[in-house]
Amino acid sequence: MKKIFDTVSFKCSRLVTKNYSTSFSMAVYMLSPSIRDAIYSIYGFVRFADEIVDSFHGYDKEQLINDFEKEYYKAYHSGISLNPILNSFQHTVKEYNITDDLIQAFLKSMKLDLVKLKYDNKADYNDYIYGSADVVGLMCLKVFVKGDEEKYNSLKGEAMRLGSAFQKVNFLRDLKDDNLILNRNYFPGVDLNSFDEKAKKAIIDEIEADFMVAYQGIVKLPIEAKFGVYTAYVYYKKLLHKLENTPSHQIGTTRIRVSNYSKIGLLAQSFVSYKLKLV
């Protein structure tokens, strides 16, 4: 039965989320059960595309990402894919009216990772972040508002700023791997080989400004989504705080993490704030 296959497909997306990101998986679990599967399916899609361009060394990455895109559109038009990640994602795209411009912008940024190693100006940097992160926030927002276009349009700006903040934190956290392994530099005007406190502070100030705007959107989210998104926000704020307190030279040589023990504490803190209606 197709229904059984669809159920298995969404479970596969959930498994991908749990195995690739304990923090995001924890945040998704704080969402209403009615929307969890849809968010898992979005994460599975974007994670697989990201893994193609970042991790599948020794394989033809360009061919793989092009095939992934073609298979998605085949799934979308036929209503099924034997790739369970694409099968669950195409269901979510249709159910929540995720527009194709968001998907195309995302795939464009993923493909840029195959050919562009350095971002020399702010416009290119912002364009990459829009495609790699902002649109993912907008895809999730489509699910959160459940077809309420007025609500979606009123929260688009804040959702994009949250996506930007998350991505920039990831860039800062992954400085070592991006620079030494992938030979990438996303930050315009920053020399990663002489990364200093001044450069770090400028990046952190930019991220804090994104978080400030994003928070105004979090408090306006539907009840089904608010706690889960706030949990992710608190986690990334903690990670940013750790990066802020880490010497710049160490960020370039070590991947900074938030321990699982700390994540549990952050979850408890988020729950208390939520229950006291501080969010």
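Rules used in this analysis
- Residues numbered from 1 in each chain as written.
- Predicted model: local features only at pLDDT ≥ 70, side-chain atom pairs only at ≥ 80, totals over all residues.
- Heavy atoms only, no water.
- Helix = DSSP H or I, 4+ residues; strand = E, 2+ residues; numbered from the N terminus.
- Rg over C-alpha atoms; globule rule 2.2 N^0.38 Å.
- Buried < 20%, exposed > 50% of the residue type's maximum accessible area, 1.4 Å probe, protein only.
- Contact = heavy atoms within 4.5 Å.
- Areas by Shrake-Rupley, 256 points an atom, 1.4 Å probe, with all protein chains shown as cover.
- Lys, Arg positive; Asp, Glu negative; His and termini not counted.
- Charge placed at Lys NZ, Arg CZ, Asp CG, Glu CD.
- Expected span 1.5 Å × (residues − 1).
- Salt bridge = Lys/Arg side-chain N within 4 Å of Asp/Glu carboxyl O.
- Polar contact = N/O pair within 3.5 Å; in protein donor to acceptor, adjacent residues only side chain to side chain.

A short note on the overall build of the protein chain
And step 1. Within the protein chain, the secondary structure is distributed over 13 helices and zero strands.
And step 2. Traced from its N-terminal end to its C-terminal end, the protein chain shows the element sequence α-α-α-α-α-α-α-α-α-α-α-α-α.
And step 3. Relative to its length of 279 residues, the protein chain is compact, with a C-alpha radius of gyration of 18 Å against a globular reference of 19 Å.
And step 4. Classification of the 279 residues of the protein chain by burial places 52% in the buried group.
And step 5. Taking the contacts inside the protein chain whose residues are at least 6 apart along the sequence as the reference set, 70% of them involve residues at least 24 apart.
And step 6. Carbon and sulfur atoms make up 56% of the accessible area of the protein chain, which totals about 13500 Å².
And step 7. Here the protein chain contributes 38 positive and 34 negative side-chain charges, whose respective centroids are spaced 6 Å apart.

So, helix α6 (residues 100-115)
And step 1. Helix length check: α6 (16 residues) gives 23 Å between terminal C-alpha atoms against 22 Å at 1.5 Å per residue, within 8%.
And step 2. Taken together, the buried positions of α6 are Leu-102, Ile-103, Ala-105, Phe-106, Leu-107, Ser-109, Met-110 and Asp-113.
And step 3. Summarising the contacts, the buried residues of α6 are in contact with α3 (33-55), α4 (61-78), α5 (84-95), α7 (122-145) and α8 (149-173).

Topic: the side chain of Lys-61
And step 1. With respect to the secondary-structure elements, Lys-61 resides in helix α4.
And step 2. An unpaired buried charge is present at Lys-61: no salt bridge exists, and Asp-54, the closest side chain of opposite charge, is 6.3 Å distant.
And step 3. Here the side chain of Lys-61 touches Val-53 through a polar contact of 3.2 Å, landing on its backbone oxygen.
And step 4. Once residues lying within four places of it in the same chain are set aside, the contact partners of Lys-61 are Ile-52, Val-53, Asp-54, Phe-56 and Leu-114.

Focus on the pattern of salt bridges
And step 1. As enumerated under the stated definition, the model contains 21 salt bridges in all.
And step 2. Lys-122 is the partner of Glu-206 in a salt bridge, and the nearest nitrogen-oxygen pair spans 2.7 Å. Here the residue Glu-206 occupies a position in helix α10 (residues 197-218), and Lys-122 occupies one in helix α7, the gap between them amounting to 84 residues.
And step 3. Look at Lys-122 and you get partly exposed, because its relative accessible area is 40%.
And step 4. Of the charged contacts, one joins Lys-201 and Asp-205 as a salt bridge, the two residues approaching to 2.8 Å between their closest N and O atoms. Within this pair, Lys-201 and its partner Asp-205 are both found in helix α10, separated by four residues, close to a single helical turn.
And step 5. Because the salt bridges share partners, they merge into one network encompassing Lys-122, Arg-161, Lys-168, Glu-206 and Asp-210.

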